[in-house]
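Residue strings, one per chain:
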Amino acid sequence: RALQRLSKYPMVLLTNTTHLPDGTDLTEGLKKLNVKVQAVKEVKIPGAQGWDFARWTVAFWKLQVFLLTDYEKLIWLDSDATLYRSIDWVFELDGMWAQRDDWFCQLQQPGVCSGLLSLTPNELDFAGLMAYAAQVGGTLARGDQQVISEYYEKVVNMPIHLLDDVDASFGQCT
């Protein structure tokens, strides 16, 4: 409910779970909160994997957000994100924007973190991301965010803009 209070835009939940442990239908339950539930499937990156964290294999599932072409623009938030104020203003920014990859709170880091990412859904970009991941899979030490960042910088020639640390950072950096 906190996110709903901070935004005028509809919420979409990407999940691989359709029912809660007690059998409750997740879609019906969240519909009452005006949340659209969108089922996701496993996304397998062809070829070798260069990352050490098993959870990054699941993180690639978020690439399916690029398939949500019913929406003009989206802001992806990882499930562990916490908002303290509205981020609706990010919808008004031109191009793609992301949180900085700054887990160690060093400030003004140059890498993209896909924990908060504004994007324009496009099926061709999804296909391009998958093809790029297949080409460079063995070099992907930073998982999905490396694929997204490198694809837009090297293939699309449209680097992702980075939000200021004051606008988006990891919780331990406050």
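Further up the page is the structure itself.
Below you will find a few notes about this structure. Computed from a predicted structure; not experimentally measured.

## Topic: the pattern of salt bridges
For step 1, the next point in the chain: One pass over the structure, following the stated rule, counts six salt bridges.
For step 2, the next point in the chain: When the shortest N-O distance is used, the salt bridge between Lys-31 and Glu-28 registers 3.2 Å. Here the residue Lys-31 and the residue Glu-28 both occupy positions in helix H2 (residues 26–31), the gap between them amounting to three residues, near one helical turn.
For step 3, the next point in the chain: Of the residues examined, Glu-28 reaches a relative accessible area of 43% and is grouped as partly exposed.
For step 4, the next point in the chain: Here Asp-144 makes a salt bridge to Lys-62, at a shortest N to O gap of 3.4 Å. With a gap of 82 residues between them, Asp-144 in helix H5 (residues 143–155) and Lys-62 in the loop between helix H3 (55–59) and strand E3 (74–77) connect regions that are remote in the sequence. No difference in accessibility class separates Asp-144 from Lys-62, as the two residues are buried.
For step 5, the next point in the chain: Salt bridges sharing partners connect three or more residues here, namely Lys-62, Asp-78 and Asp-144.

## Some remarks on the state of the cysteines
For step 1, the next point in the chain: In the structure shown here, the tally under the stated rule is one disulfide.
For step 2, the next point in the chain: A sulfur-sulfur distance of 2.1 Å marks the disulfide that ties Cys-105 to Cys-173. Disulfide Cys-105 to Cys-173: torsion about the S-S bond roughly -80 degrees, handedness left-handed. Placement of the pair is Cys-105 in the loop between strand E4 (97–100) and strand E5 (112–119) and Cys-173 in the segment after strand E6 (161–162), with a sequence separation of 68 residues.
For step 3, the next point in the chain: This cysteine, Cys-113, is not joined by any disulfide, and Cys-173 carries the nearest cysteine sulfur, 10 Å off.
For step 4, the next point in the chain: Taking relative accessible area as the criterion, Cys-113 reaches 4% and is therefore assigned buried.

## Re the environment of Ile-160
For step 1, the next point in the chain: Examined against the element boundaries, Ile-160 turns out to sit in the loop between H5 and E6.
For step 2, the next point in the chain: With residues near it in sequence (within four places) discarded, Ile-160 still touches Met-96, Trp-97, Ala-98, Val-112, Leu-117, Ile-148, Ser-149 and Tyr-152.

## A closer look at the sheet that holds E5
For step 1, the next point in the chain: Spatial strand order, E3-E5-E4-E6: four strands in an open sheet with mixed pairing. Every interior strand has two partners, whereas the edge strands, E3 and E6, have only one.
For step 2, the next point in the chain: Sheet topology places E3 next to E5; four bridges connect them, and they run antiparallel. Within E5, the position partnered with Ile-75 by the bridge is Ser-118.

## Digging into the pairing of E5
For step 1, the next point in the chain: Where burial is concerned, most of E5 is hidden: eight out of the eight residues are buried.
For step 2, the next point in the chain: In terms of strand pairing, E4 meets E5 through four bridges, oriented antiparallel. What sits directly across from Ala-98, in E5, is Leu-117.

## Brief notes about helix H4 (residues 123–136)
For step 1, the next point in the chain: Its 14 residues give H4 an end-to-end C-alpha distance of 20 Å, which sits within 8% of 20 Å, the value for a rise of 1.5 Å per residue.
For step 2, the next point in the chain: All of the buried residues in H4 are Asp-125, Phe-126, Gly-128, Leu-129, Met-130, Tyr-132, Ala-133 and Val-136.
For step 3, the next point in the chain: Contact partners of the buried residues in H4: H5.

## Points about H5
For step 1, the next point in the chain: Over its 13 residues, H5 runs 17 Å from end to end, which matches the ideal 18 Å to within 8%, given 1.5 Å per residue.
For step 2, the next point in the chain: Here H5 lies mainly inside the structure; ten of its 13 residues are buried.
For step 3, the next point in the chain: Where H5 is concerned, the buried positions are Gly-143, Asp-144, Gln-145, Gln-146, Val-147, Ile-148, Ser-149, Glu-150, Tyr-151 and Tyr-152.
For step 4, the next point in the chain: Of the residues one or two after H5, Asn-157 is the one with positive phi, at around 60 degrees.

## As for the packing of aromatic side chains
Aromatic ring pairs are described here by two measures, namely the spacing of the ring centres and the angle between the planes.
For step 1, the next point in the chain: Applying the stated criterion to the full structure yields five aromatic pairs.
For step 2, the next point in the chain: With centroids separated by 6.2 Å and ring planes inclined at 25 degrees, the aromatic side chains of Phe-66 and Tyr-152 adopt a geometry described as stacked. In this pair, Phe-66 sits in the loop between H3 and E3 while Tyr-152 sits in helix H5, placing the two residues 86 residues apart along the sequence. For the pair formed by Phe-66 and Tyr-152, the shared burial category is buried.
For step 3, the next point in the chain: Considering the side-chain rings of Tyr-151 and Tyr-152, the 5.1 Å spacing of their centres and the 85 degrees angle between planes classify their relative orientation as edge-to-face.
For step 4, the next point in the chain: Overall, Tyr-151 belongs to the buried group, its relative accessible area being 6%.

Definitions and limits used
Residues numbered from 1 in each chain as written. Predicted model: local features only at pLDDT ≥ 70, side-chain atom pairs only at ≥ 80, totals over all residues. Heavy atoms only, no water. Salt bridge = Lys/Arg side-chain N within 4 Å of Asp/Glu carboxyl O. Helix = DSSP H or I, 4+ residues; strand = E, 2+ residues; numbered from the N terminus. Buried < 20%, exposed > 50% of the residue type's maximum accessible area, 1.4 Å probe, protein only. Disulfide = S-S within 2.5 Å. Contact = heavy atoms within 4.5 Å. Pairing = 2+ DSSP bridges. Expected span 1.5 Å × (residues − 1). Phe/Tyr/Trp six-rings, centres within 6.5 Å; stacked < 30°, edge-to-face > 60°.

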